[in-house]
Amino acid sequence: MSYDLIVIGAGPGGYVCAIRAAQLGLKTAVVEQRATLGGTCANVGCIPSKALLHASHMFDEAAHGLRAFGVIADPPRLDLAAMMKHKDDTVAANVAGVAFLLKKNKIDSFYGRGRLAGAGQVEVTGANGGAQLLETKTIVIAAGSTVAPLRDADGEEIAIDEQTILSSTGALALDHVPNRLAIVGAGIIGLELGSVWRRLGANITVIEYLDRILPEVDGEIAARFQKILEKQGLVFRLASKVANVAKTSQGLAVSYAGANGGGAGRIDADAVLIAVGRIPFTEGLGLEQAGVALERGRIVIDARFSTNVANVYAIGDVVRGPMLAHKAQEEGVAVAEILAGQPGHVNYGVIPSVVYTMPEIASVGLTEDQAKAGGLSVNVGKFPFLANGRARAMRQTDGFVKVVADAVSDRVIGVHILGAGAAELIAEACVLMQFAGSSEDLARTCHAHPTLSEAVKEAALAVAKRSIHT
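We now turn to the structure provided with this report. (Residues numbered from 1 in each chain as written. Predicted model: local features only at pLDDT ≥ 70, side-chain atom pairs only at ≥ 80, totals over all residues. Heavy atoms only, no water.)

### Quick look at the layout of surface pockets
Quantified by volume, the second largest pocket comes out at close to 660 Å³. Lining the second largest pocket are 21 residues, with Glu61, Gln232, Arg395, Gln396 and Asp398 sitting closest to its centre. Put simply, the parts of the chain that give the lining of the second largest pocket at least two residues each are helix 3 (46-65), helix 6 (188-199) and helix 7 (219-232). Considering each element in turn, the lining of the second largest pocket owes the most residues, five residues, to helix 3. Tallied by class, residues from the lining of the second largest pocket come to seven nonpolar, six polar and eight charged. (1 Å grid on protein atoms, 1.4 Å probe; cavity = no way out; pocket = protein on both sides within 12 Å on 5 of 7 lines; lining within 4 Å. Points joined across faces, edges and corners; volume = space filled by probe spheres on them. Helix = DSSP H or I, 4+ residues; strand = E, 2+ residues; numbered from the N terminus. Nonpolar A, V, L, I, M, F, W, Y, C, P; charged D, E, K, R; others polar.)

Here it is as structure tokens:
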């Protein structure tokens, strides 16, 4: 069977690439090693985690937040099995939706491990061990990423059993609420899943190698957010390196030492979530045999997503840039358009990032520190949600909006939001920056009243020190 394009991996980047290619007239197939489509994001990542984040937030609000509104829930009871069913139903609907879209666009789906098998050839090995060879003009690798391992003080990888020593996959499928949950890593995954289980009753301790949480987030935002999380009940052990995770008669013991040779400590836990990041999934793809160049585990590509091997392209988590589903989707569209002879392009300066806790964090563009480190002179405007009427009405006044603008041109080069609804509010900043807008443009745009989005306008006004409501 011969195709114009075969995409290895049917996650957000892969299936979007396939759909766009089919829209442009290319005969297309996808190869997916899971039994369902959608990749990590739809099956064990973005979608199930957001389902549990929302459900656990509802539970937490019923227990602690509704009384101030005059709503008495006396007291709420947790049905974890029903909550997990909601999560599973959400996943099932999303993966079925991906399958429908591929079928609608007449894209063939092959299930099994895909491997480069020669020029214009992809070998697919099914779960039963049987293999078939597919012919194609072009290959796009969109295999995604997998959990980064954690190594102990002796350099040995700490084994994940998904029962008590968990990756994010296991942490999304617990059948009980652990009394004590230790989380290794204060990045997005660790803090989101820590928030889920904290709301449901777990005592959370987060161990982080760095001396701060969320290293990719604006420093001022991260510092304020840490205080909010501590108020919610999370405990942090920063600048600490995990030395060992050992099973004991009482559960697990997590031993750690200061990252810079500081004092040692130990945390007793019922479960440990290892959330130290993700790494590109390139194993078993036949890259070395095909001569595809890699650098620090990632496939090397040029500005047109092409590898060093003719007619082999790569996108998403296996290449440079942030490991974000929407970044992979943009690359999927771009490479499909390039293959169809169009000028596909991704604006990497306008790729938003979100932490789906409560409050949320959403960012796009440069942080204040990054801008200054790059030699830029900037003006910064900030506005607190405490001064926003809608936020007061919602009793969601934690956080603020921060706008970073070039001091010479006034062009907005970064927007950072800590607050309720930040994941939706950031889209306004993305549109503004996509069109190279200025803080003046944003400040002079009428916003509905009362809305949370007024805080974004006020932060833009504050760039020129003319905020109205502070």
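### Quick look at the nonpolar core
Core analysis: the largest hydrophobic core is formed by 50 residues, its most contacted members being Ile141, Ile299 and Phe305. Broken down by element, this core gets its largest block of residues, seven residues, from helix 1 (residues 12-23). Residue contacts for isoleucine 141: discarding those within four places in its chain leaves Ile8, Leu116, Leu285, Leu287, Ile299, Val312, Tyr313, Ala314, Ile315 and Val318. Core analysis: the next-biggest nonpolar cluster, separate from the first, contains 40 residues, Phe59, Leu191, Leu229 and Leu418 among them. (Core = buried A, V, L, I, M, F, W, Y, C linked by side-chain atoms within 4.5 Å. Buried < 20%, exposed > 50% of the residue type's maximum accessible area, 1.4 Å probe, protein only. Contact = heavy atoms within 4.5 Å.)

### Some remarks on the environment of alanine 429
One can find alanine 429 in helix 12 (residues 422-434). Given the relative accessible area of 1%, alanine 429 is considered buried. The spacing of alanine 429 and alanine 159 is 270 residues in sequence and 42 Å in space, taken between C-alpha atoms. Other than its neighbours up to four places away in sequence, alanine 429 contacts Val364 and Val415.

### Some words on the packing of aromatic side chains
In this structure the tally under the stated criterion is one aromatic pair. Taking the centre distance of 6.2 Å and the plane angle of 80° together, the rings of tyrosine 3 and phenylalanine 110 count as edge-to-face. Note that tyrosine 3 is positioned in strand 1 (residues 2-8) and phenylalanine 110 in strand 3 (residues 108-111), a separation of 107 residues in sequence. Assigned by exposure class, tyrosine 3 and phenylalanine 110 land together as buried. Taking the ring centre of tyrosine 3 as reference, the NZ or CZ of lysine 27 above it sits at 5.2 Å. (Phe/Tyr/Trp six-rings, centres within 6.5 Å; stacked < 30°, edge-to-face > 60°. Lys NZ or Arg CZ within 6 Å of the ring centre and 35° of its normal.)

### Some words on the pairing of strand 23 (residues 400-406)
For strand 23, the tally of buried residues reaches seven of seven residues, placing the bulk of the element in the interior. Pairing of strand 22 (residues 378-384) with strand 23, which is carried by seven bridges, proceeds in the antiparallel orientation. Across the sheet, asparagine 379 pairs through a bridge with alanine 405, a residue of strand 23. Pairing of strand 23 with strand 24 (residues 412-419), which is carried by six bridges, proceeds in the antiparallel orientation. What sits directly across from alanine 405, in strand 24, is valine 412. Between strand 23 and strand 24, which pair antiparallel and follow one another directly, the connecting turn spans five residues, one of which, aspartate 410, has a positive phi of 70°. (Pairing = 2+ DSSP bridges.)

### Things to note about the environment of phenylalanine 281
Mapped onto the elements, phenylalanine 281 comes out in the loop between strand 16 (278-280) and helix 8 (287-290). For phenylalanine 281, a relative accessible area of 15% puts it in the buried group. When the C-alpha atoms of phenylalanine 281 and arginine 298 are compared, they prove to be 8.6 Å apart, with 17 residues separating the residues in sequence. If we skip the residues at most four places from it in the chain, phenylalanine 281 touches Gln33, Arg113, Ala143, Gly144, Ser145, Thr146 and Val318.

Coordinates in, geometry out; function isn't part of it.
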